[in-house]
Amino acid sequence: MMWVTLLALFATSLLSEMVLGAQYDYGAYDPRRDDFRKGTFPDGFIWSTATASYQIEGAWNVDGKGESIWDRFSHTPGKVDRGDTGDVACDSYNKYREDVQLMKAMGLKYYRFSLSWPRIFPVGTRAGGVNQAGVDYYNNVIDELLANGITPMVTLYHWDLPQALQDRYGGWVNEALVQHYRDYATFAFQTFGDRVKYWITFNEPWAVCVAGYEMGFHAPGIQGSGNSTYLCGHTILKAHASAWHSYDQTFRSVQGGQVSITLSCGWTEPFDPDLPADVIAADRDLQFQMGWFAHPIYTSQGDYPPAMKDIILQKSLAQGFQESRLPQFTAAEIASISGTYDFFGLNHYSSGIAMDKVSTGQDPNFWTDQDLESTVAPEWPQAASSWLYSVPWGIRRLLRYIKQNYNDPEIYITENGWSEEEADPPILEDTGRLCFYMGYINEVLKAIDLDGVNVRAYTAWSLMDNFEWAEGYTERFGLHSVDFTDPNRPRTPKQSVSFYKDVIANNGFPEGADVTTMVRNMWEECRGGPAGWAAATRANVGLLALSFLVSAMYFLNM
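Every chain is numbered on its own, with residues counted from 1 as its sequence reads. Reporting of local features is limited, given that this is a predicted model, to residues whose pLDDT is at least 70; pairs of side-chain atoms are given and counted only at 80 or more, and all residues count toward the totals for whole chains, interfaces and linings. The side-chain figures draw on all heavy atoms in the structure; neither hydrogens nor water molecules are used.

Draft legend 1. Fine view of the packing of helix α11 (residues 227-255) against helix α12 (residues 276-298). Interaxial angle, 0 to 180 degrees, is taken between N-to-C directions of lines fitted to C-alpha atoms, where a helix line uses only the stretch in contact. Runs of H or I in DSSP of at least four residues are treated as helices and runs of E of at least two as strands, each being numbered from the N terminus. Their axes nearest at 11 Å, the elements α11 and α12 cross at an angle of 35 degrees. Our pair here, α11 against α12, has a crossing hand that is right-handed. In this structure, α11 uses T229, Y230, G233, L237 and H240 to contact α12, whose residues at the interface are F288, W292, F293, P296 and I297. Under the convention adopted here, Pro, Cys and the residues Ala, Val, Leu, Ile, Met, Phe, Trp and Tyr are nonpolar, Asp, Glu, Lys and Arg are charged, and Gly plus all remaining residues are polar. Residue classes in the contact of α11 with α12 are distributed as seven nonpolar, three polar and no charged. Two helices crossing with the near one rotated counterclockwise from the far one by less than a right angle form a left-handed crossing, whereas a clockwise rotation gives a right-handed crossing. Throughout, a residue-residue contact means that at least one pair of heavy atoms, one from each residue, lies within 4.5 Å.

In structure tokens, the structure reads:
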């Protein structure tokens, strides 16, 4: 599942959609920053792909599974493009063995996927009963992965809350969910933890709260007034900490695993780097994206970042509230949340440019709380997703920022990817995705080699085309194409599969490797955006054709 970035929501908020001419030319080629760097990643580096339960499993009402908020949301007319649903999706509930073979053929040793809470607890609670068929399914997936030499990395919550908990409590705005989530997480640790050593409590709480409880274009579809967004985040932070402590106190000594959270964040540059107000606005953007959750967890001070606390309090008082709309933690809660991590999970896709702009509106709003306006550089290549631009150097700067501000943690990049439009026939020569991965993976290598950032994992989103939330099947992020018009949901490898397979096999870009030669040949053209990508394809078709043909023949005959 991928991240609904801040840039996308800006486009639907009161902020400007206009592409402005930034004071600093962020689109210009800078050889010191942008040149290709050969080399390999550290020994033991984790290469992975990722998916999420609702996006791939299907079987929405099969074998005792309960209804999720995304089942309800997608079945509501007008909520998802074309009325698409995840009722069948990629049918991975029935095709998981085939999916594992896709991973094995790529040389993957890790795979990130999520559990469906209502597939295990149909009504969301332990007291409401366990669905053994759901437990059996995940046991089978885990065992199939391990039998093929692939280590599972499991996300406990990737947005599909049991609808029964939404109906009963109103969802994540209600702190009653903390105990129910702890019960669910504890059951998962107890049931699967003998084989699962990497756990992620929540995927992108920013997107859960902003898209689901402020803007309303994700499930559960609540259009809040600025309060529900922060209540949602408050509950999720407490639930994350509760689950982490459950593992730490009961299971860690026996199972030896790790537990953390995955946060989404784009990189943000100031519109005018010589203007202090813009520099502060760019950092404020990062605080509202990532610091909202990272500061309470990854700093010794705990609590929300001062930049958020100060501005939301000022706005709240000016709007006639008696106290801040951002809830307060008790001292005990701050102590309980701080330090609840074993690594830093990061989903990163895009970058933006921020300008200081004071918002004086009286309507409580997550966006106007921030006092900034967002834009992009016109030269940045854009994906099919309205919010996604290719800015490879942004990931390096974000990784360095995390190192400097959040205790120099081990960083697991848990999502990074590129979307293309749905096409008939499907796009298999996905040069845009190949160029995206090439640039971003190389910038991760620079962050490790040149900046000393402790990056331990890179995860490509996604293993295959899937249900892309409110966009349905109109946007495709997969390394493998899926034919959603065919009941059998056949998978076909795209050109990017061969590239990623070669990167994994070589652990990067060593001198003399074919993948390194290919990247050097394509580097300049890839920097040129879509027009350059077409040239890159023509210039390197010979280097890619044989590997791609062999892979395609293998999969078509599975």
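Still more ground to cover, so stick around.
Draft legend 2. A look at the packing of aromatic side chains. Stacked, tilted and edge-to-face pairs are distinguished by plane angle, under 30 degrees for stacked and over 60 for edge-to-face with tilted covering the rest, among Phe, Tyr and Trp rings (Trp via its six-membered ring) whose centres lie within 6.5 Å. Applying the stated criterion across every chain yields a total of 64 aromatic pairs. With a centroid separation of 4.7 Å and an interplanar angle of 65 degrees, the aromatic rings of Y24 and Y26 are classed as edge-to-face. Only protein chains enter the accessibility calculation, which uses a 1.4 Å probe; a residue whose area is less than 20% of its type maximum is buried, one above 50% is exposed, and one in between is partly exposed. A residue is classified by how much of its surface remains accessible, and Y26, at 3% relative accessible area, is buried. On the numbers, 5.3 Å between centres and 55 degrees between planes, the contact of F121 with F187 is tilted. Linking F121 in the loop between α6 (117-120) and α7 (132-147) with F187 in helix α9 (residues 176-192), this pair joins segments that are 66 residues apart in sequence. Per residue, the accessibility class of F121 equals that of F187, and both read buried.

Draft legend 3. Representation of the sheet that holds strand β13 (residues 455-461). Strand pairing is defined by DSSP finding a minimum of two bridges between the two strands. The eight strands lie next to each other as β2-β3-β4-β5-β6-β8-β11-β13, forming a closed barrel whose pairing is parallel. Sheet twist, expressed as the average angle between the axes of neighbouring strands with direction ignored, equals 25 degrees. Alignment of strand β4 (residues 151-157) against strand β5 (residues 198-203), held across four bridges, turns out to be parallel. Bridge assignment links V154 to a residue of β5, and that residue is W199. Along the sheet face, α9 touches β4, β5 and β6 (258-264) and points at about 165 degrees away from the line of β4. Helix-sheet contacts for helix α16 (residues 431-451) involve β2 (46-50), β11 (411-415) and β13, and the interaxial angle to β13 is about 170 degrees.

Draft legend 4. How the structure looks around the state of the cysteines. Disulfides are defined as pairs of cysteine sulfur atoms found within 2.5 Å of each other. If you walk through the whole model with that rule in mind, you get two disulfides. At a sulfur-sulfur separation of 2.0 Å, the disulfide partner of C435 is C526. Here the S-S torsion is close to -65 degrees, and the disulfide linking C435 with C526 is therefore left-handed. Here the residue C435 occupies a position in helix α16, and C526 occupies one in helix α18 (residues 514-526), the gap between them amounting to 91 residues. Relative accessible area serves as the criterion here: at 6%, C435 is assigned to the buried category. Regarding the disulfides, the chain carries the connectivity 1-2, 3-4 under sequence-order numbering of its bonded cysteines. Not engaged in a disulfide, the cysteine C265 finds its nearest cysteine sulfur in C209; these two sulfurs lie 15 Å apart. The class of C265 is buried, set by a relative accessible area of 0%.

Draft legend 5. Fine view of the side chain of Q319. With respect to the helices and strands, Q319 occurs in the loop between α13 (306-318) and α14 (331-337). Pairing of N or O atoms within 3.5 Å defines a polar contact, subject to two protein rules: one partner must be a possible hydrogen donor and the other a possible acceptor, and residues neighboring in sequence count only if both atoms are side-chain atoms. A polar side-chain atom of Q319 sits 3.2 Å from a polar atom in the side chain of R325. For Q319, the residues in contact, after removing those within four places along its chain, are R325, G361, Q362, D363 and P364.

Draft legend 6. Representation of unusual backbone geometry in the model. Omega for the peptide link from A219 to P220 comes to 10 degrees, which places this bond in the cis form. Relative to the helices and strands, P220 is located in the loop between α10 (205-215) and α11. A cis amide bond links W461 to the next residue, S462, at an omega of 10 degrees. Tracing the chain through its elements places S462 in the loop between β13 and β14 (475-476). The phi dihedral of D371 is positive, around 55 degrees, even though this residue is not glycine. Among the structural elements, D371 can be located in the loop between β9 (351-356) and β10 (372-375). Phi is positive for N407, which is not a glycine, with a value near 75 degrees. Checked against the element boundaries, N407 lands in the loop between α15 (392-405) and β11.

Draft legend 7. Layout of the sheet that holds β9. Pairing is mixed in the open sheet, where three strands are placed in the order β7-β9-β10. The open sheet has two free edges, formed respectively by β7 (267-270) and β10, since each of these has just one partner strand. Pairs of neighbouring strands in the sheet enclose a mean axial angle of 35 degrees, with direction left out of account. The pairing of β7 with β9 spans four bridges and is parallel. Bridge pairing in β9 links T268 to G352. Of the strands in this sheet, β7 and β9 are in contact with α15, which crosses β7 at around 95 degrees.

Draft legend 8. The arrangement of α13 in detail. With 13 residues, α13 should reach 18 Å at 1.5 Å per residue; the first-to-last C-alpha distance of 18 Å fits that figure. Within the span of α13, buried status applies to M308, I311, I312, K315 and S316. What you see down the axis of α13 is that its buried residues fit within an arc of 135 degrees, all on one side. α13 presents Q314 and A318 as exposed residues on the side facing more than 90 degrees away from its buried surface. For α13, the secondary structure elements touched by its buried residues are α11 and α12. Remark: G320 follows α13 within two positions and exhibits a positive phi of approximately 95 degrees. The length a helix should cover is 1.5 Å for every residue beyond the first. Taking the helix axis as origin, the arc is that swept by the directions to the C-beta atoms.

Draft legend 9. Molecular detail of the pairing of β10. The side-chain alternation of β10 yields two buried faces, one formed by L372 and S374 and the other by E373 and T375. Sheet topology note: the β9/β10 ladder contains four bridges and is antiparallel. By the bridge assignment, I353 is partnered in β10 with T375.

Draft legend 10. Spatial organisation of the pattern of salt bridges. For salt bridges, the criterion is a side-chain nitrogen of Lys or Arg within 4 Å of an Asp or Glu carboxyl oxygen. Scanning the entire structure with this criterion turns up 36 salt bridges. One salt bridge in this structure joins K309 and D303, with 2.8 Å as the shortest N-O distance. Given a relative accessible area of 35%, K309 falls into the partly exposed group. When the shortest N-O distance is used, the salt bridge between D465 and K494 registers 2.9 Å. One end of the pair, D465, is in the loop between β13 and β14; the other, K494, is in the loop between β16 (491-493) and α17 (495-506), with 29 residues separating them in the sequence. For the pair formed by D465 and K494, the shared burial category is buried. Salt bridges sharing partners connect three or more residues here, namely R82, D84, E422, D465, R476 and K494.

The quantities given are spatial measurements derived from coordinates; they are silent on function.
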